[in-house]
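A closer look at the structure
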Protein chains: 2
Amino acid sequence: MVGAKEALVVFTPSGRRGRFPVGTPVLQAARSLGVDIDSVCGGRGICGRCQVTVAVGEFAKHGVKSRAENLTPFGAVEEEYCKTQPMDAGRRLSCSTQVLGDVVIDVPSGSQVHRQVVRKAAEAHDIELDPVIRLHFVEVQEPDMHDPSGDLRRLEDALEFEWRLTNLACDVRVLQHLQQALREGGWKVTVAVHGESQIIAVWPGFREHAYGIAIDVGSTTIAAHLCNLATGDVVAAAGIMNPQIRFGEDLMSRVSYVMMNPGGEKEMTDAVRGAINELATDVAQQVGIPATDILEATFVGNPIMHHLLLGINPIELGGAPFALATDRAITLWAVEIDFHIHRNARIYVLPCIAGHVGADTAGVVLAERPDLSEEVTLLVDVGTNAEIVLGNNKRLLACSSPTGPAFEGAQISCGQRAAPGAIERVRVDVATLEPRFKVIGCDLWSDDPAFAAATAATGVTGICGSGIIEILAELYLAGVIRHDGVIKGELAARNPRIQSDGRTFSYEICKAGVGTSSIKVTQNDVRAIQLGKAALYAGVRLLMERMGIEKVDRIRLAGAFGSHIDVKYAMVLGMIPDCALDHVSSAGNAAGTGARIALLDQRSRREIEQLVRRVEKIETAVEPRFQEFFVEAMAIPHLTAPFQRLREAVTLPERTVIHNESSARSRRAARRDPKADIAP
Amino acid sequence: MVGAKEALVVFTPSGRRGRFPVGTPVLQAARSLGVDIDSVCGGRGICGRCQVTVAVGEFAKHGVKSRAENLTPFGAVEEEYCKTQPMDAGRRLSCSTQVLGDVVIDVPSGSQVHRQVVRKAAEAHDIELDPVIRLHFVEVQEPDMHDPSGDLRRLEDALEFEWRLTNLACDVRVLQHLQQALREGGWKVTVAVHGESQIIAVWPGFREHAYGIAIDVGSTTIAAHLCNLATGDVVAAAGIMNPQIRFGEDLMSRVSYVMMNPGGEKEMTDAVRGAINELATDVAQQVGIPATDILEATFVGNPIMHHLLLGINPIELGGAPFALATDRAITLWAVEIDFHIHRNARIYVLPCIAGHVGADTAGVVLAERPDLSEEVTLLVDVGTNAEIVLGNNKRLLACSSPTGPAFEGAQISCGQRAAPGAIERVRVDVATLEPRFKVIGCDLWSDDPAFAAATAATGVTGICGSGIIEILAELYLAGVIRHDGVIKGELAARNPRIQSDGRTFSYEICKAGVGTSSIKVTQNDVRAIQLGKAALYAGVRLLMERMGIEKVDRIRLAGAFGSHIDVKYAMVLGMIPDCALDHVSSAGNAAGTGARIALLDQRSRREIEQLVRRVEKIETAVEPRFQEFFVEAMAIPHLTAPFQRLREAVTLPERTVIHNESSARSRRAARRDPKADIAP
């Protein structure tokens, strides 16, 4: 077939072009030009990854008159493939299609190895797909008496010949199953290669899918996303309560547990490892695969979660100078953390940044990439500690601020987890001081006549995290709470919801009813939130001062708390600095997104490792200015002009509330977890 | 102290020289010249590894008048060191001694990092000491609030600053104990670094010794040598029966066990791993350390032992085409083979060469290095199969020959293990056809009047491996056995020891006595040995023909069998080709020596890996010439002129018998093992 005649082949969108002898397979032409076309089966017409379309017409730009007839007709291999998998009209398998004349070939994004994975609205940039694991289908030479080379060597020869992979390492755990796989597959096997350097799995025959899992180990919730490594798609997600909670609700109480109970770190390590195994089984079941099909995992978590997951005693993180065992990224085998995914899977743990600024923050930085813009971005991830990152393409600063457990509801009298019946939205009428509210699980406001019936099943049970912020801000805007945080007892005369608790006053949102006790905000609740928000704001101010700026261009709130609160109210309370409201947004579970990026794009690992080295770490505990800022920030800000305008915004209908898809998803995850949002 | 004045310092034996400011420590001068001086403590006067002596006198060659006073006087650091460890007169700690004037400094071999480890007479070359594990004592910067870097990073900084080690990897298992070690040691720790690239252990404070273990996994016996990695000394040795014997005496019966009992390979893997753990504990106890102090291990073994140790099903090695899982060397963690030495120890398994030519043969090749000489060396390791390597610096060939179990005594009627009471030396009088013999455990010949009393406790119980060869050769030389192997029945008339068994005859060496039954050599015994020696010789001939030679320059017999037999008799029987008798010798346990070399000299690993790739592997089973040679070799050679001279040698007193220290050691090891040599 190959003759002296040549044809011009132009690939789009890359624009690469070359002349090839008539009869050259399109895939081969693409490869010789370095055009990015995927293939697992190596041109055998099995995997269908190398699909292209011919662009028909006269292309002056390319100087080509491209015609469908300039490719060989749809052939037997393609027909065979179509029997198992439908193919879009006009699509061709580039491995099984040969060039007959000049053509322009379009490589759709789904056929590219390296492509963009589109992220959700709440997230920042698309993900470059460049997974560390690739599958390769090969035919291996059978052994014979005259060639005593080992099976592994012949497998390596095949990988070199068909895929140009050289100097591959191979673990003993692969070797243990290699011979059986080769014989079971009739010397045709699919090989998973890690980082173009290490054979990590061999299966008999053709195998299409490789899976990876990205896990965010939070102190309260552990969340996992299962991804198809070839497409970048999240194919399953699940959340689970961190079972370490039984050793202590917050991080410090877990470290205390270790201090009081030598060996306690082992119990907590076992607990978290048990949980990640449960999660892996869960997400795998959702797509009908065994957990052992998962070939790669990435992890983020705060330093204490990070250390406990890895079996490192976190005791040094419990006291000054808060020394991490390591601030490097860690690559290890799944078996080393008793993670029962594929027996030879690798784990990548993102680097911690400092003793209080963990791999979760590294994940946030990787998801948000504040270093890519000249704009100054403030990233805030609120938990018992708030991790704060501030910076742009010139400087990056980070610190952790001890906000305490109030934002997680731990010190709020009527606080509860985000579950049906919990108050999540509140409005207080300035004239009457009467509240109306919405509870999770019901779309009606409490002043709707149908509300009682609609919530009869759940009742009104407490206040969830976002509800606390909203009610305090509303009470402040309504004048019930003073600038210094005191609930004005004198208003008891105007509305009986303002009630004396002895020395202080409280505000009753919901009266006791059938099966429901009274739900109040007490003076102590206000104080707890004030302490938390002062700490958060002081941390932010410290970084701003260090960077020499008075204003940030953009604020991104990460984590469950950031996803649920209405940022306007956070600004009313002075939790975050002044910023144009449309430049404040939720980043969703940015830490988890960072883990997912590290899973899907191997180059991102080197990027975040270099990036965290550049971050200037500020230790709030040794900065006298932090104390000053903290004291200053205790009060609730006066309603300056922008805040006065905000007052209007607050009374607007709910559609202005930032409550995106991502937060809804997190909320769903949270609901699976009995302690995810607020615990009493 | 450092002034403008400079002094000339010459180091011997390297001859390196340089001018240094007065006041320069000798160690520092040596390092800046690249002189090979050891140190673990980094110049703190703790380890004593950097000892030197000053060569006093006028050295015209160097142009130096060297005087002891040209070094600072014996100082406080040296006196402190001497309190814990005696130092030879004239020795100085080069780290704590400064140059005051011109000197010639001698670096004794014990102070060199890379030095020769002298091997025993039976072994070939000395070992170059270059252990893959080195210890480094460092002081690590304490963490503080203003430097949030992890402990690992500060440890790495110290290793870079003090030892110029960069880009080190660190396993999670080290991280798990790092923080405690640093604090326990007051920020002074000893670090074990593997291959200048990987931190594998960190201990609080100063630690002097690093240990490694070299293990030869034989199908019958497993032998271990514990080495001090800094000196290269074997500090303990032990042997143990391979517990896999309960699954089958020989290799093929073990493979059959797997075929008949699915999962049986796991049982055998567990068994051998149990045994190596027992051995490690044994050798460690001998020097009073826990097995967990062993930081590195190397292994040799035949392909089936190799696969079973690694947890690879050996079933493919049980039938044609005898495909190995891999013919590469393997590096893995001790935990991966359940080897309970140091939790982060590495294992190096030498490469197998072909399906029947294993890592044990690679060990023999590494120990003997036939590739370094122009002389053609024949290496033979006899067991149920004989592994044969032939070659020189131009070519190397290898094959395995199915000698059967006769040389191990399995098909010999009165065969027994090498234990007190077993006949090991025999002489047959040509005139009278009367035998005299010696048994293990007694130095007297059986015709000594005191023999009966001396052996009363053990009796005479059977014939051990070397005894079989000797008795057959003696009977042949005495004319009792014919060229074709037939025992001459007609001689029954001359001596009643030649007895009819019906169709064939036997020769009675020892008559039944009190508590002792008659010990005979039967016609079947002769046949079994003939089959074995014909296979061995045919293998050798095949390689010789392939190499195009008629004569070998040197023969080295490796393994227990090779250590015990008298090579003259092996030549009389035609087991090995004609060769000058003084060029035939035992190589001792060369496979084990190879493992020890790989343990002590990391460069040797790359050497043997490259060497085995060069070996031309010949599969005897598919070579028609092998069958021809085999048939030809069944007969016992006619006594040609050289053999006639040999006849004289045979009758010489026993001192000509090659029975060196190494073989005596192997014999001792064998005695610990009830099945090591011959099993009935």
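Preceding this paragraph is the structure being described.
Presented here is a report on the structure given in the accompanying data block.

As for the sheet that holds strand 3 (residues 51–55) of chain B
All names here are of chain B. Ordered by their spatial adjacency, five strands build an open sheet running 2-1-7-3-6, and the pairing between neighbours is mixed. In the strand order of this sheet, the two ends are held by strand 2 (17–21) and strand 6 (91–93), each with one partner. Each strand axis lies, on average, 40 degrees off the axis of its neighbour in the sheet, ignoring direction. As paired strands, strand 1 (residues 6–12) and strand 7 (residues 103–106) are joined by four bridges and run parallel to one another. Residue pairing in the sheet places V10 in a bridge with V104 of strand 7.

A closer look at the packing of aromatic side chains
Summed over the entire model, instances satisfying the criterion amount to eleven aromatic pairs over all chains. Taken together, a centroid distance of 5.7 Å and an interplanar angle of 90 degrees make the contact between B:F437 and B:F451 edge-to-face. Here B:F437 is found in strand 24 (residues 435–439), whereas its partner B:F451 is found in helix 9 (residues 451–454), with 14 residues between them in sequence. Classification of B:F451 as buried rests on a relative accessible area of 7%. For the cation-ring pair, A:R605 lies above A:Y348, with the distance from its terminal atom to the ring centre recorded as 4.5 Å.

Considering helix 15 (residues 602–614) of chain A
Residue and element names in this part refer to chain A. Buried within helix 15 we find S604, R605, I608, L611 and V612. Projection of helix 15 onto a plane perpendicular to its axis shows the buried side chains occupying an angular sector of 135 degrees, all on one side. Against strand 17 (294–301), strand 19 (346–349), helix 8 (359–368), strand 22 (396–401), helix 14 (590–600) and strand 31 (616–617) lie the buried residues of helix 15.

Observations concerning the sheet that holds strand 23 (residues 422–428) of chain A
All names here are of chain A. Strands sit in the order 24-23-25 across an open sheet of three strands; the sheet is mixed. With one partner strand each, in any of the chains shown, strand 24 (435–439) and strand 25 (462–463) form the two edges of the open sheet. As defined by bridge partners, strand 23 adjoins strand 25 across two bridges and the pair is classed as parallel. What sits directly across from A422, in strand 25, is G462. The sheet contacts of helix 10 (residues 465–477) involve strand 23 and strand 25, and relative to strand 23 the element is tilted by about 15 degrees.

Remarks on the interface of chain B and chain A
On the chain A side, the residues contacting the 46 residues of chain B number 46 residues. Of the roughly 3,800 Å² buried between chain B and chain A on both sides combined, carbon and sulfur atoms contribute 57%. Of all residues in chain B, the largest losses of buried area upon contact with chain A belong to B:M145, B:R153 and B:Q179, amounting jointly to 19% of the total for that side. Inspection of the region where chain B meets chain A yields eight salt bridges. Between A:R173 and B:E336 there is a salt bridge, with the nearest N and O atoms lying 3.1 Å from each other. Applying the counting criterion to the chain B and chain A interface returns 22 residue pairs in polar contact (both at pLDDT 80 or more). If you list the elements that add at least two residues to the side of chain B that touches chain A, you get helix 3 (151–163), helix 4 (172–184) and strand 18 (330–333) of chain B. Per-class residue counts for the side of chain B that touches chain A are 22 nonpolar, nine polar and 15 charged.

Calculation rules
Residues numbered from 1 in each chain as written. Chains lettered and ligands numbered in written order. Predicted model: local features only at pLDDT ≥ 70, side-chain atom pairs only at ≥ 80, totals over all residues. Heavy atoms only, no water. Pairing = 2+ DSSP bridges. Helix = DSSP H or I, 4+ residues; strand = E, 2+ residues; numbered from the N terminus. Axes fitted to C-alpha atoms, helices over the stretch in contact; angles between N-to-C directions. Phe/Tyr/Trp six-rings, centres within 6.5 Å; stacked < 30°, edge-to-face > 60°. Buried < 20%, exposed > 50% of the residue type's maximum accessible area, 1.4 Å probe, protein only. Lys NZ or Arg CZ within 6 Å of the ring centre and 35° of its normal. Arc of directions from axis to C-beta. Contact = heavy atoms within 4.5 Å. Buried area = accessible area lost by both parts, 1.4 Å probe. Salt bridge = Lys/Arg side-chain N within 4 Å of Asp/Glu carboxyl O. Polar contact = N/O pair within 3.5 Å; in protein donor to acceptor, adjacent residues only side chain to side chain. Nonpolar A, V, L, I, M, F, W, Y, C, P; charged D, E, K, R; others polar.

Take it as geometry only, folks, not as evidence of what the structure does.
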